[in-house]
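# Examining the three-dimensional arrangement
Here is what each chain is made of, one letter per residue.
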Amino acid sequence: MQKKTVYDIGLKGERVLMRADFNVPLKDGKITDDSRIRAALPTIGYILEQGASIILMSHLGRPKGEVQPEYSLKPVAERLSELLGQEVKMAPDSIGPEVRELAQSLEPGDVLLLENTRFHAGEKANDPEYAKQLAELGTVYVNDAFGTAHRAHASTVGVTEYLPAVAGFLIEKEIQFLGQATGEPERPYMVILGGAKISDKIGVIEAMINQADRILIGGGMANTFLKAKGLEMGESLVEDDVLDEARHLLDTASGKLELPTDAVIADAFANDANVRVVPVEGVPSGWRILDIGPETIAHYKELLQEARTIAWNGPMGVFEMPTFAEGTFSIARMLADLDATVIVGGGDSASAVREAGVADEIDHVSTGGGASLEYLEGKTLPGIAALDDK
Ligand code: ADP
Ligand code: MG
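## Points about the overall build of the protein
- A tally of helices and strands in the protein yields 14 helices and 17 strands.
- Here the C-alpha radius of gyration of the protein, 23 Å, is about what a compact globule of 390 residues would show, namely 21 Å.
- The dimensions of the protein, computed from C-alpha atoms along their principal axes, are 70 × 45 × 35 Å.
- Per-residue burial for the protein yields a buried fraction of 55% across its 390 residues.
- Restricting the contact set of the protein to residue pairs at least 6 apart, pairs at least 24 apart contribute 72%.
- Carbon and sulfur atoms provide 45% of the accessible area of the protein, an area that totals close to 16300 Å².
- Positive and negative charge centroids in the protein, built from 36 and 61 side chains respectively, lie 2 Å apart.

Right under this line is the structure:
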């Protein structure tokens, strides 16, 4: 990796300003899933061991640039304190004289968490004045928030103007794995693409047509491709406004694109709907495709056996409903058993492999939804580009 990491700089006695991704799901003020907090522990632990203090910052939810108490990071401070087994001081704001005083009073080994950066409009606007005030709190900047690396905000990009800026372990791991797929993947390199829409992912599909040896399509986006080939899709999710684009992608893909041959269809968008398995040529009016069928699953599995590198983005069906989860879960289970290097990107795809219970057996499940897609597309992520080169 050509970006500096926490290993490349001395941290002893420094006050480390660290951007983490603590954008955790909350229900009634309680954290329902603390995996993002846990994910930050290795970098936090390393920094503390080096004899530095840490000032952590993150956004949480969408408070639209103003103070909204329900988006306070206080619950995160409490949980982090339990996980670290030490006090985590909670700052009343992310900038201002009181916060500056708190930061300056930190001793090596101390941890301070700033209040939600998005309580200030300057965060998303990447306002230099707000960024400068954040930067003044620390002596070194560490970014470990891959999920926001595709956004040029004050806490991800602005601060790097004022401080030495390096990557934490999470970002390092993301770049290592995603870079493997976009750089020189061991071939055959196969990509599984699904999810709801083509329009969300045209850039990724185009990039994959260039890079991958095979692209297996599933999920809602398959419907639009199938309709572009002239098939009737009934009530299925179809994006009529990108049919021409879909036709064009099919033409340029020169046989690399694989489409489902059968599907699980339902007479309503509901888990307890009437369900049938049909060839994709046989979707009756009033019915909709909600998962790939068994023949498609078997065919995709056979193809994937040959792969050396696999990137997966987008569920194969509406996996949130158990009746339509088989396509997604059986692909997930298969990926867990393969020797190939497997990378999963995308928020819903990551949830799907976790729900299938195989996340630990997959080489890399990206923590960034949009960020991992942009990386796979070959775009430069501003939050990473802004870090110091080795
Ligand atoms: P990711 O977050 O991994 O990038 P997307 O957000 O693109 O994935 O897509 C996930 C969504 O796609 C899921 O909510 C799933 O229900 C939906 N989906 C998958 N297959 C279908 C389908 N056949 N019809 C409608 N929605 C689908
Ligand atoms: Mg999604």
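From this point, things continue past the structure.
## Let's talk about the sheet that holds strand S13 (residues 275-279)
- A sheet is described by the order of its strands in space; here three strands give the open sequence S13-S12-S14, paired in antiparallel fashion. The open sheet has two free edges, formed respectively by S13 and strand S14 (288-292), since each of these has just one partner strand. Here the strands of the sheet are splayed against their neighbours by 40° on average, with no regard to which way each runs.
- One ladder, built from four bridges, connects strand S12 (residues 262-266) with S14; its direction is antiparallel. Looking across to S14, one finds that Ala266 is bridged to Arg288.

## Digging into helix H12 (residues 347-355)
- Every buried residue belonging to H12 is among Ser349, Ala350, Ala352 and Val353, and all of these are buried. Taken around the axis of H12, the buried residues stretch over an arc of 155°, which confines them to a single face.
- Within two residues after H12, Gly357 carries a phi angle of roughly 80°, on the positive side.

## Quick look at the pairing of strand S15 (residues 309-313)
- S15 sits mainly inside the fold: five of its five residues count as buried.
- Judged by which residues are buried, S15 turns out to be covered on both faces: Thr309, Ala311 and Asn313 on one side and Ile310 and Trp312 on the other are all buried.
- Pairing analysis gives five bridges linking strand S9 (residues 189-193) to S15, with the strands arranged parallel. Across the sheet, the residue bridging to Ile192 is Trp312, located in S15.
- In terms of strand pairing, S15 meets strand S16 (residues 341-345) through five bridges, oriented parallel.

## Describing the pairing of S9
- With five of five residues buried, S9 lies mostly within the body of the structure.
- The alternating pattern of S9 places Tyr189, Val191 and Leu193 and Met190 and Ile192 on opposite faces, both of which are buried.
- The sheet contact formed by S9 and strand S10 (residues 214-217) spans four bridges and is parallel. Across the sheet, the residue bridging to Met190 is Arg214, located in S10.
- Tracing the backbone out of S9, into helix H7 (residues 202-211) and back to the parallel element S10 gives a crossover that is right-handed.

## Considerations on the environment of Pro164
- Note that Pro164 resides in the loop between strand S7 (140-143) and strand S8 (165-167).
- Each C-alpha atom, one on Pro164 and one on Ala298, is 51 Å from the other, the two residues being 134 residues apart in sequence.
- With residues up to four places along the chain from it excluded, the contact list for Pro164 reads Thr139, Val140, Tyr141 and Asp388.

## Things to note about the sheet that holds S15
- One open sheet holds the six strands; their spatial order is S11-S10-S9-S15-S16-S17, and the pairing between them is parallel. Each edge of the open sheet carries a strand with a single partner, namely strand S11 (257-258) and strand S17 (364-365).
- Summarising the sheet, S10 and S11 pair through two bridges and their orientation is parallel. Counted as the bridge partner of Leu216 is Glu258 from S11.
- Where helix H11 (residues 326-337) meets the sheet, its contacts fall on S9, S15 and S16, and the angle it forms with S15 comes to roughly 150°.
- Taken strand by strand, H12 contacts S15, S16 and S17, and its axis lies near 120° from that of S16.

Cut-offs used in this document
- Residues numbered from 1 in each chain as written.
- Chains lettered and ligands numbered in written order.
- Predicted model: local features only at pLDDT ≥ 70, side-chain atom pairs only at ≥ 80, totals over all residues.
- Heavy atoms only, no water.
- Helix = DSSP H or I, 4+ residues; strand = E, 2+ residues; numbered from the N terminus.
- Rg over C-alpha atoms; globule rule 2.2 N^0.38 Å.
- Buried < 20%, exposed > 50% of the residue type's maximum accessible area, 1.4 Å probe, protein only.
- Contact = heavy atoms within 4.5 Å.
- Areas by Shrake-Rupley, 256 points an atom, 1.4 Å probe, with all protein chains shown as cover.
- Lys, Arg positive; Asp, Glu negative; His and termini not counted.
- Charge placed at Lys NZ, Arg CZ, Asp CG, Glu CD.
- Pairing = 2+ DSSP bridges.
- Axes fitted to C-alpha atoms, helices over the stretch in contact; angles between N-to-C directions.
- Arc of directions from axis to C-beta.
- Right-handed = clockwise from strand over helix to strand, strands pointing away.

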